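# Descriptive analysis of the structure
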Amino acid sequence: MAKGNENIRKLLEQRVLEHGDKAFLFSEADGREWSYSEFDKTVNRTANFLVSRGIVKGDVVSLLMPNSAEYIIAYFACWKLGAIAGPINSLLKSEEIEWVVKNSESTLILIGSDQTGAASIPACLSAKHEPFGNIEQVIANQPETLSPAAIDCDDEAIIIYTSGTTGKPKGCLLTHGNLIANARQIAEWMNFGPDDRLLSVMPLFHMNAVSVTTMAALYAGSSTVVSPKFSASRFWDIIEKYRITSFGSVATMLSMLLERRLPAGDLPAGSRRSLRFAMCGSAPVPAEVLRKFEETFGVLVIEGYGLSESTCRSTFNPPNKERRPGSCGKPIGNEIKIVDETDHELADGELGEIVLRGANIFKCYFKNPEATEKAFASGWFHTGDIGYRDVDGFYYIADRKSDMIIRGGENIYPREIDDVLYAHPAVEHAAVIGVPDELYGEEVTAFIVLKHSYIKAETRPVGSVPVEHQITGEDIIDFCKLHLADFKCPKSVHFVENIPKGPTGKLLKRELAKTLLPVLPDV
């Protein structure tokens, strides 16, 4: 398999020469499909459509749409021009979308057929968007040939926003070289080939679906099937219909499949024959969930680790019974070290920060040189995750250096929620933490200290306090829903007299989990 493709355009065109008539993309929602050759021509027509809207190399094209074939086509159309694809989380609220679009200096927004996405476009950005629901209508009369473009492996391909613990989300710039490197690493580690069919049920606004089940499929000459969203009730029928060999997932999906209690003997026969393993990432799979899933369905769960900054995966377990439950596996092509606070490498078994280096590591944070310099201290990317390596070279995630919460595969950063809570007129102090949840892995919980003139509604003497100063947990949650995507909003609220603080006045969130949470009821 040729490895000399320095940009995604050349990689796709090489695969067309090798696999022209072979099916590349299936749309599970409506049964459409494209061979490699047909896909390439459709991408060219879409790229010409973008050119007709003034898009040139280096422009950012924001993508706000549901999982669909159109989403994948839009990605590749951007890449063929040398434009930068800017996926937007479709769960965000209007003000969050506005910030991402403006910060990325987006030139155009492509809006999918999901009307909720279109409705969330801020009025001030409405002139910049184009409907992108039915691909054939959009690209009607566009030519199938595309003018040449000078695209280097170091040219940016994606700007994806990954939140930090110290403020607004950061735009992570990934290059053509990054995407190809990670696709190669994944495809070769997993032994993907032309006979594989990978299912994308993870959102295409995350790198998992882009890298693990789309780009890796392209690199391997495989096929990819895109589904609008995960459905436990339809999952096994999809596996059988498309003869899926692997799929990207998070622990929540495995738990939901287990809840249906469909034993391996009752699965569609085709699904048992085709499915090799489930690829799982984002957060560790609870040991009991992994054990039950493998016992119930006879399908291995292959865990991995990575971040948007590493394009997606940096480690994976071996795709066989040598994999180790509880471990995130071994490096799949990049370098990994465990270091102390002075960046000295630690011995096997010692806890430290995970740092990465390799061809799949991102270029920089957009317009944020300070954050980039800090992230690449000593020449390695500092993940902020704490882990260790065992004597056999398997890595384990022990904790997160940051306070990030991972709920059902979605990364949630408490600082962003804290900022919203502090905007509520009744809130004196606020702290958000993640708490264990059987289905989603973690849930968002808020601790609130009310201002003196406000009280928790359930404890007030009747008539002693103005109604507008009588606050419930529902009031706090409803306020958050006005400003944040629903998945970020607290699911429970605790009113407390005070929040533990350190010597500098910093709120000690870990102390909340240790001391207050076990004795407080949800509100």
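So, here's what we can say about the structure. Not measured: the values here are computed from a predicted model. (Residues numbered from 1 in each chain as written. Predicted model: local features only at pLDDT ≥ 70, side-chain atom pairs only at ≥ 80, totals over all residues. Heavy atoms only, no water.)

Let us now look at the pattern of salt bridges. Between side chains of opposite charge, pairing is possible as soon as their charged atoms come close. Enumeration over the complete set of coordinates arrives at 27 salt bridges. In this structure, Arg 234 and Glu 28 form a salt bridge, with 2.2 Å as the shortest nitrogen-oxygen distance. Note that Arg 234 is positioned in the loop between strand E10 (223-226) and helix H9 (235-242) and Glu 28 in the loop between strand E1 (23-27) and strand E2 (33-35), a separation of 206 residues in sequence. The class of Glu 28 is buried, set by a relative accessible area of 9%. Two residues, Lys 102 and Glu 98, come together in a salt bridge whose shortest N-O distance is 2.9 Å. One end of the pair, Lys 102, and the other, Glu 98, are both in helix H4 (residues 94-103), 4 residues apart, so they sit about a helical turn from each other. Through salt bridges with shared partners, one network takes in Arg 9, Glu 13, Asp 40 and Lys 80. (Salt bridge = Lys/Arg side-chain N within 4 Å of Asp/Glu carboxyl O. Helix = DSSP H or I, 4+ residues; strand = E, 2+ residues; numbered from the N terminus. Buried < 20%, exposed > 50% of the residue type's maximum accessible area, 1.4 Å probe, protein only.)

We now examine the environment of Gly 409. Within the element layout of this structure, Gly 409 appears in the loop between strand E21 (405-407) and strand E22 (410-412). On the accessibility criterion, Gly 409 (16% relative accessible area) is buried. In sequence terms Gly 409 and Met 202 are 207 residues apart; their C-alpha atoms lie 8.9 Å from each other. In this view, Gly 409 contacts His 206, Val 250 and Ser 282; residues no more than four positions away in its chain are not counted. (Contact = heavy atoms within 4.5 Å.)

Taken in spatial order, the 3 strands of this open sheet run E23-E24-E27, and their pairing is mixed. Of all strands in the sheet, those bounded by a partner on one side alone are strand E23 (427-437) and strand E27 (492-495). Averaged over all adjacent pairs, the angle separating strand axes in this sheet is 25 degrees, with direction ignored. Pairing analysis gives 10 bridges linking E23 to strand E24 (residues 441-450), with the strands arranged antiparallel. Along E24, the bridge assignment pairs Gly 434 with Val 444. Set on the sheet, helix H15 (residues 473-483) makes contact with E23 and E27; between it and E27 the angle comes to about 125 degrees. (Pairing = 2+ DSSP bridges. Axes fitted to C-alpha atoms, helices over the stretch in contact; angles between N-to-C directions.)

Under the criterion given, the structure shown has 20 aromatic pairs. Seen in terms of ring centroids, Phe 39 and Phe 76 are 5.2 Å apart; in terms of plane orientation they differ by 85 degrees. Their pairing is edge-to-face. Pair noted here: Phe 39 is in helix H2 (residues 36-52) and Phe 76 is in helix H3 (residues 69-81), with a separation of 37 residues, a long-range link. Phe 76 carries the same exposure label as Phe 39, and that label is buried. Arranged with centres 5.0 Å apart and planes meeting at 45 degrees, the rings of Trp 236 and Phe 297 form a pair that is tilted. Placement of Trp 236 in helix H9 and of Phe 297 in helix H12 (residues 287-297) is noted, with a sequence separation of 61 residues between them. By relative accessible area, which is 4% here, Phe 297 ends up buried. One residue, Arg 15, lies across the ring of Tyr 219, its end atom 5.3 Å from the ring centre. Residue placement shows Lys 170 over the ring face of Tyr 365; its charged tip is 5.0 Å from the ring centre. (Phe/Tyr/Trp six-rings, centres within 6.5 Å; stacked < 30°, edge-to-face > 60°. Lys NZ or Arg CZ within 6 Å of the ring centre and 35° of its normal.)

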